[in-house]
Every structure is written in C-alpha cells, then in structure tokens.
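Take a look at the letters that make up each chain.
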Amino acid sequence: MSSTTSRPEAAKPPMREALVAAAFQLFLERGYEQTTVDDIVALAGVGRRSFFRYFPSKEDVVFPDHERCLADMTAFLAASEPDHEPVRRVCDAARLVMLMYAENPSFSVQRYRLTKRVPGLRAYELSVVWRYERALAAYLRDRFAGTPDGDLRADVIAAATVAAHNNALRSWLWSDGQGDAAEAVDHALGSVRTAFGAAPEAPTDAPAGARADVRAGVAPGLPLVTALPDEDDVVVVVSRRGAPLWRVVQEIETALARK
C-alpha cells in the first residue's frame, strides 16, 4: 500500500475553516462588498448549502468564533459559585474574548482592518459586543438581585467591563498584534475591579491561558486611579465618593478612550 494513500484527504482543512479562508482571500483580493457567497463557495469547492450550514450570512463568516465564545462565556458564568466575587468573575469571563482573538493574531488583525473599512461589518460587530455585554449584565443582575439599584449596578459594571476590555483589545489590534494581548486586557480590567469590586490581583479562577498583571490601584483619598495599556501613559480619574455609578463609569470610559 502506498504511503501517500489518503494523504490529500487528510491534508484538507475542515469545511468551516476552508470557507473562512476562502472568504478572507477574496475579501482581500476583491473587497468585501464585491465578494458574493457564490464566489466563496466556488473557491472553497463546496455548494451554497454547505456555506449556509455553517454561516447564516456573509457577515457571519467574518466573525466565525463569536457564537462559540459567547456560549463559553455563558457557561463560565453559569458555573460560578456563590463565593465568587461578581466583578472579578465578569472580568475573568471577558478574558475569554481576548483569548479567542489571541489564538490567531494574524487573522484577528486582518479582520480588524476589514471591519474598519466596511460600515456594515462595524454595525454587525457592535451587535456582537452588545450580546457579550448582556451576558455579563444578566449574571450580575442575578448576583445583585434584592440589593439597592441592583439592576443599575449590573448594567453599569457590564458596560464598564466591555469598554475596558475593548479599549485594550483595539490597541493591541491597532499595533498589528504586537505585544501581549493578555497583559493589556488584564491591565484595563484592573480599572473595573478597582472601581467596582475587590482590589486587583492575579485571578485564581481565570479561564485557562489568561494572565493578570494589573497595575491599576486606589490612591489614598481618591476613588479611582486608571492606568492605560501603554505603561508610559497614565491617567488619574477622580470622582466624588457619593457620585452616581453612571457618572463613575462615564469617567472610566472617557479615560480608557484617550490615547
């Protein structure tokens, strides 16, 4: 029996990955708007039915792993124990998104560049981000049930967690995936934990592969000190102790948005 028997078959990528690879090859060569589903399946060597078995639309092929990541996040939060500090828990859950991007930096950077150029993809990405935020808020609402302003706190903390995570992730993508994405995200999430939860420290129950190297802290007499991903660029945000939560998170998002 020849040693090459079945090697071509074994070398074929799974159909889902083949469709994603074909789609991005065409997006780069022709442009996103000029590429059709028929073009993608022709290059991948499959039929239209096979495409729609994996992706409901052309937009979904640009974000092939978000459904899995959202399911992983939901399962991670559902497995929480009563003694888990809730703010720390949602920060650990947010790291799952960072890990998904860091699995394939070149693809993530490629997608980031494409999304910036196509308004429809930016809108689609915002809808995905909203689903992550809702998953975090749902967990926090359950944990804060029966407490004063529980739903408000849940929504504010979920929004702050997503804003901090995305600020660090965008900075990493903008730099073409240079540096340590986990370090940048942990650094940003430290601001959320400083403002709303326990003092930042290395998470013991973070998703596998996530590392915390947080440099944000609370200064005496000040409610919040926020450090941006760039170690040479530090922003101090000061709020009154009695300031409403929506005002605090607004200040955090403003600080994190500054370059």
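Refer to the preceding data block for the structure.
Bear in mind the structure is a predicted one, so any value in this text is a computation, not a measurement. (Residues numbered from 1 in each chain as written. Predicted model: local features only at pLDDT ≥ 70, side-chain atom pairs only at ≥ 80, totals over all residues. Heavy atoms only, no water.)

A.B. asks: Tell me about the overall build of the protein, and name the residues and values.
C.D. replies: A tally of regular secondary structure across the protein gives twelve helices and two strands. A total of 259 residues make up the protein; the buried ones form 45% of that total. Of the contacts formed within the protein by residues at least 6 apart in sequence, a portion of 66% connects residues at least 24 apart. Accessible surface for the protein amounts to roughly 13,300 Å². Of this, 53% is attributable to carbon and sulfur atoms. (Helix = DSSP H or I, 4+ residues; strand = E, 2+ residues; numbered from the N terminus. Buried < 20%, exposed > 50% of the residue type's maximum accessible area, 1.4 Å probe, protein only. Contact = heavy atoms within 4.5 Å. Areas by Shrake-Rupley, 256 points an atom, 1.4 Å probe, with all protein chains shown as cover.)

A.B. asks: Pulling in residues and values, what's your account of unusual backbone geometry?
C.D. replies: At Asp149, a residue that is not glycine, the phi angle is positive and equals roughly 55°. Relative to the assigned elements, Asp149 resides in the loop between α9 (119-143) and α10 (150-174). Unusually for a residue other than glycine, Asp176 sits at a positive phi of about 65°. As for its placement among the helices and strands, Asp176 is situated in the loop between α10 and α11 (181-196). For Asp176, a relative accessible area of 40% puts it in the partly exposed group.

A.B. asks: An account of empty space enclosed by the protein is needed here, citing residue identities and associated values.
C.D. replies: A full pass over the atoms with the stated rule returns one cavity of 30 Å³ or more. When its volume is computed, the largest cavity comes out at roughly 40 Å³. Those elements that place two or more of their residues in the lining of the largest cavity are α6 (66-78) and α9. Of the residues in the lining of the largest cavity, the class split is three nonpolar, one polar and two charged. (1 Å grid on protein atoms, 1.4 Å probe; cavity = no way out; pocket = protein on both sides within 12 Å on 5 of 7 lines; lining within 4 Å. Points joined across faces, edges and corners; volume = space filled by probe spheres on them. Nonpolar A, V, L, I, M, F, W, Y, C, P; charged D, E, K, R; others polar.)

A.B. asks: Give a description of the nonpolar core that names residues and reports values.
C.D. replies: Core analysis: the biggest nonpolar cluster contains 45 residues, and Met73, Leu77, Tyr132, Leu136 and Leu140 have the highest contact counts within it. Only α6, α7 (86-103), α8 (105-117), α9, α10 and α11 provide two or more residues apiece to this core. Those residues within four positions of Leu77 in sequence are excluded, and the remaining contacts are Arg89, Val90, Ala93, Ala135, Leu136 and Tyr139. Residues Val20, Phe55, Val61 and Val62 belong to the second largest nonpolar core, which totals 20 residues. (Core = buried A, V, L, I, M, F, W, Y, C linked by side-chain atoms within 4.5 Å.)

A.B. asks: I'd like a description of the pattern of salt bridges, backed by residues and values.
C.D. replies: Pairing between side chains of opposite charge can happen when their charged atoms approach one another. Enumeration over the complete set of coordinates arrives at 13 salt bridges. The salt bridge partner of Arg141 is Asp151, with a shortest N-O separation of 3.2 Å. Of this pair, Arg141 sits in helix α9 while Asp151 is found in helix α10, placing the two residues ten residues apart along the sequence. According to the relative accessible area criterion, Arg141 is partly exposed, its value standing at 31%. One salt bridge connects Asp155 with Arg141, and the closest N-O pair in it is separated by 2.7 Å. Taken together, the residues Asp155 in helix α10 and Arg141 in helix α9 connect sequence positions 14 residues apart. A single network of salt bridges, built from pairs that share partners, joins Glu133, Arg134, Arg141, Asp151 and Asp155. (Salt bridge = Lys/Arg side-chain N within 4 Å of Asp/Glu carboxyl O.)

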